[in-house]
Amino acid sequence: MLPITSFLSCTAPIDELECFSTRQKHHAKTYVTGLVAASNKTVEGISIHVLPAKSERALNKFLTEYNWDTGQLNRERLALLQAHNETAWSREGVVIIDDTFTHKTGKRIPNVGKFYDHTKRGYIWGQNLIYALYADEKTTYPLSFRLYEKNAKTRIELAIDLVDELIEIGVPADTYLFDISYCSEAFVTHLESYHKQWVSAVKSDTRVTYAGERIRVDALAQRVRKVKRTIGEETYHIWTQKRDVARLGEVKLLITEKESDDFSEGDDDEDKPSVKYIVSNKIDAKASHLIVLYAMRWRIETFFRDTKQDLGLGACELRHAAGASRHWHLLMLAYSLLKLGIADSALGTVISRASSLRNDVKRSFRETVQNLLSWALSSEHRNIDQLMQEIDVLFV
């Protein structure tokens with residue numbers, strides 16, 4: 001890994017934040033620069049590879065001992081995003097609620113435990129984080145999160161806490177998206193108490209009232225006649241009606257089968273088009289609108305993938321609960337500062353819509369190389385051998 005000789009330019013807005021003291025701003029820039037550009041995103045790795053870092057001990061104290069408020073940081077971070085047209089939220093945007101796992105090995109890490117990960121189809125040892133994300137046609141960024149703790153609040157209760165926080169902060173989005181795990185009477189009732197609309201999916205065994213019977217929604221899918229529709233570049237077979245759905249009451253029910261290019265009558269089950277049972281309190285919404293909205297839920301999966309691969313979502317090994325929370329808040333800051341950097345560019349609108357976080361990270365890596373070359377050439381007395389000696393220290 002090349003040494004990172006100066007803070008990335010995207011960290012400049014940290015100087016505007018009031019939650020940090022002057023000394024703390026230096027550590028915040030160190031940590032954010034390391035999360036974006038260092039290959040090893042632990043405290044030790046960042047302190048080694050980001051040359052302006054004071055020391056590993058100083059960075060550890062910044063995370064675990066120094067007096068600064070994560071809640072204030074989060075509010076100031078979101079305020080920075082609202083100051084730019086490309087990242088400002090609106091009522092037309094959506095809030096996405098979902099959770100993810102970070103894999104761990106140690107047993108003394110805060111709220112670590114054994115969880116079933118459906119993506120791995122097995123149990124993993126790790127942490128479970130529940131996130132709220134904002135998304136619209138221009139941008140995507142995290143709003144807040146909760147760390148799940150067994151034998152404490154349920155995931156539904158934590159999601160309700162997140163909604164309360166977002167309302168208090170002033171997130172204006174009218175629509176919330178979430179998956180089967182959060183589609184419960186308690187959660188949708190809480191959303192509706194704030195006059196929010198929502199779109200989710202239900203399990204195939206969910207009971208629905210139809211023709212005077214209470215039947216499973218997958219059985220209903222076999223009875224009804226679906227209409228073929230093209231939405232965007234995809235073809236769907238759709239049936240939709242207002243129906244009474246178990247634990248949700250009267251909602252808009254949408255049964256949709258997405259048609260794949262190679263699908264035919266003789267294909268095996270695993271090759272059949274995907275079936276979704278979408279529900280919403282947007283009773284009068286068109287089927288195409290609900291499908292487009294529900295598809296936006298994929299943004300949070302992209303956020304989880306990008307932050308795990310490129311920003312160290314799962315890299316925190318701190319045994320200090322408050323320190324771990326600060327790591328995740330600083331990660332959200334790093335993600336947001338990358339978004340702001342793109343928003344300020346001449347092609348901000350086009351880039352923010354078309355590119356993933358990885359392209360933003362690549363631009364930051366290019367900046368670190370440029371800074372390294374400038375650093376190497378800044379002194380006429382620094383020759384190549386001396387430069388290599390300093391770089392060699394990083395590989396010890």
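Conventions used here
- Going along each chain's sequence as written, the residues are numbered from 1 onward.
- Local features are withheld for residues below a pLDDT of 70 in this predicted model, meaning they are given only at 70 or higher, and side-chain atom pairs are given and counted only at 80 or more; totals for whole chains, interfaces and linings count all residues.
- Where side-chain values are given, they derive from all heavy atoms of the structure, hydrogens and water being excluded.
- For helices the rule is a DSSP run of H or I covering at least 4 residues; for strands it is a run of E covering at least 2, with both sets numbered from the N terminus onward.
- Here, two residues are considered to be in contact whenever any of their heavy atoms come within 4.5 Å of each other.
- Residue burial considers only the protein chains on display, and all accessible areas are found by Shrake-Rupley using a 1.4 Å probe.
- pLDDT expresses, on a scale from 0 to 100, how confident the predictor is about each individual residue.
- Between buried and exposed lies partly exposed: a residue is buried under 20% and exposed over 50% of the maximum accessible area for its type, with that area taken using a 1.4 Å probe on protein chains only.
- In the sections that follow, a salt bridge refers to a side-chain nitrogen of Lys or Arg positioned within 4 Å of a carboxyl oxygen of Asp or Glu.
- The definition of a nonpolar core used throughout is a set of buried Ala, Val, Leu, Ile, Met, Phe, Trp, Tyr and Cys residues joined through side-chain atoms within 4.5 Å.
- The term polar contact refers here to a pair of N or O atoms within 3.5 Å; inside protein, the definition further demands a hydrogen-donor-capable atom paired with an acceptor-capable atom, and it admits residues adjacent in sequence only when both atoms are side-chain atoms.
- Paired strands, in this sense, are two strands between which DSSP finds at least two bridges.
- The span expected for a helix works out to 1.5 Å for each residue beyond the first.
- In summary, the pairing rule links any two rings of Phe, Tyr or Trp, Trp by its six-membered ring, whose centres are within 6.5 Å, and it sorts them by plane angle into stacked for under 30 degrees, edge-to-face for over 60 and tilted for everything else.
- An axis is simply a line fitted to the C-alpha atoms; with a helix, the fit covers only the stretch in contact. Between two such axes, the angle follows the N-to-C directions and lies from 0 to 180 degrees.
- Any angle between 65 and 115 degrees counts as roughly perpendicular, while under 35 counts as roughly parallel, over 145 as roughly antiparallel, and the rest as oblique.
- Polarity classes work like this: nonpolar for Ala, Val, Leu, Ile, Met, Phe, Trp, Tyr, Cys and Pro, charged for Asp, Glu, Lys and Arg, and polar for all others, with Gly in that last group.

Caption draft 1: Inspection of the overall build of the protein at higher detail. Of regular secondary structure, the protein possesses 13 helices and twelve strands. Pairs at least 24 residues apart make up 62% of the contacts formed inside the protein by residues separated by at least 6 positions. Within the structure as shown, the protein displays about 19,600 Å² of accessible surface, and the carbon and sulfur contribution to it stands at 47%.

Caption draft 2: Structural context of the confidence of the model for the protein. For the protein, mean pLDDT is 87; residues scoring 70 or higher make up 82% of the total. Ignoring residues within four places in sequence, the model shows residues 262–272, a span with pLDDT below 50, making six contacts including any to other chains.

Caption draft 3: Structural context of unusual backbone geometry. For Asn151, which is not glycine, the phi torsion reads 65° and is therefore positive. Within the secondary structure layout, Asn151 lies in the loop between strand 4 (140–147) and helix 5 (155–169). With a relative accessible area of 84%, Asn151 lands in the exposed category. The residue Arg247 is not glycine, and still its phi comes out positive at about 70°. The residue Arg247 is located in the loop between strand 10 (234–245) and strand 11 (249–259) in this model. Assessed through its relative accessible area of 60%, Arg247 is described here as exposed.

Caption draft 4: Summary view of the pattern of salt bridges. According to the stated counting rule, one finds 14 salt bridges in the structure shown. With its nearest N and O atoms 2.9 Å apart, the salt bridge here joins Asp15 to Lys29. Taken as a pair, Asp15 in the segment before helix 1 (22–37) and Lys29 in helix 1 lie far apart in primary sequence, 14 residues in all. You can call Asp15 partly exposed: its relative accessible area is 43%.

Caption draft 5: Spatial organisation of the nonpolar core. Among the nonpolar cores identified, the biggest contains 110 residues, and Phe20, Ile97, Tyr131, Leu143, Phe178, Phe187 and Leu330 are the most heavily contacted of them. At eleven residues, the largest contribution of residues to this core is made by helix 10 (residues 321–343). With sequence-adjacent residues up to four places away left out, Leu330 is seen in contact with Phe20, Tyr31, Val32, Leu35, Phe62, Leu63, Trp68 and Leu73.

Caption draft 6: Examining the environment of Tyr236 more closely. Take Tyr236: it is sitting in strand 10. On the accessibility criterion, Tyr236 (11% relative accessible area) is buried. Excluding residues within four positions of it along the chain, Tyr236 makes contact with Val227, Lys228, Arg229, Ile231, Thr256, Glu257, Lys258 and Ile291.

Caption draft 7: Representation of the side chain of Thr100 in the model. Looking at the element boundaries, Thr100 is found in strand 1 (residues 94–103). In this structure the side chain of Thr100 is engaged in a polar contact, spanning 2.7 Å, whose partner is the side chain of Lys308. Once residues within four sequence positions are removed from consideration, Thr100 is found in contact with Gln127, Asn128, Leu129, Phe304, Lys308 and Leu313.

Caption draft 8: Up close: the environment of Lys153. Summarising the element assignment, Lys153 is placed in the loop between strand 4 and helix 5. Among the residues examined, Lys153 registers a relative accessible area of 41% and is labelled partly exposed. Other than its neighbours up to four places away in sequence, Lys153 contacts Tyr148, Leu158 and Asp161. A polar atom in the side chain of Lys153 sits 2.6 Å from the side chain of Asp161.

Caption draft 9: View of the pairing of strand 2 (residues 113–117). Residue alternation in strand 2 divides its side chains into a buried set, Gly113, Phe115 and Asp117, and an unburied set, Lys114 and Tyr116. In this sheet, strand 3 (residues 122–135) lies alongside strand 2 in antiparallel orientation, the contact comprising five bridges. Residue Lys114 lies in a different strand from strand 3, and its bridge partner there is Trp125. Between strand 2 and strand 3, which follow one another and run antiparallel, lie four residues, and Arg121 among them has a positive phi close to 55°.

Caption draft 10: Examining helix 9 (residues 298–310) more closely. For helix 9, built from 13 residues, the straight-helix expectation of 18 Å at 1.5 Å per residue is met to within 8% by its first-to-last C-alpha distance of 18 Å. Regarding helix 9, the residues found buried are Ile300, Phe303, Phe304, Asp306, Thr307 and Asp310. Phi for Gly312, located one or two positions after helix 9, is positive at around 75°.

Caption draft 11: Fine view of the packing of aromatic side chains. Applying the stated criterion across every chain, the model contains 17 aromatic pairs. Aromatic pair Phe20 and Trp68: ring centres 5.1 Å apart, planes at 65°, arrangement edge-to-face. Remark: Trp68 occurs in the loop between helix 3 (56–64) and helix 4 (70–82) and Phe20 occurs in the segment before helix 1; sequence separation between them is 48 residues. There is no split in this pair, since Phe20 and Trp68 are both buried. Plain terms: the ring middles of Phe303 and Phe304 are 5.8 Å apart, the flat faces sit at 55° to each other, and that makes the pair tilted. Owing to a relative accessible area of 4%, Phe304 belongs among the buried residues under this scheme.

Caption draft 12: Just the packing of helix 1 against helix 3, in detail. Running from N to C, helix 1 and helix 3 cross one another at 105°; their axes reach a closest spacing of 10 Å. Regarding the angle of helix 1 to helix 3, the classification is roughly perpendicular. When helix 1 is examined against helix 3, the residues Gln24, His27, Ala28, Thr30 and Tyr31 are found in contact with a partner set consisting of Ala58, Leu59, Phe62 and Leu63. In terms of residue class, the contact of helix 1 with helix 3 is made up of six nonpolar, three polar and no charged.

Caption draft 13: Looking closely at the environment of Ile96. Along the chain, Ile96 falls in strand 1. Note on Ile96: relative accessible area 0%, which makes it buried. As a C-alpha pair, Ile96 and Met296 span 200 residues in sequence and 8.3 Å in three-dimensional space. In this view, Ile96 contacts Tyr131, Ala132, Leu133, Ala135, Leu177, Met296, Arg297, Arg299 and Ile300; residues no more than four positions away in its chain are not counted.

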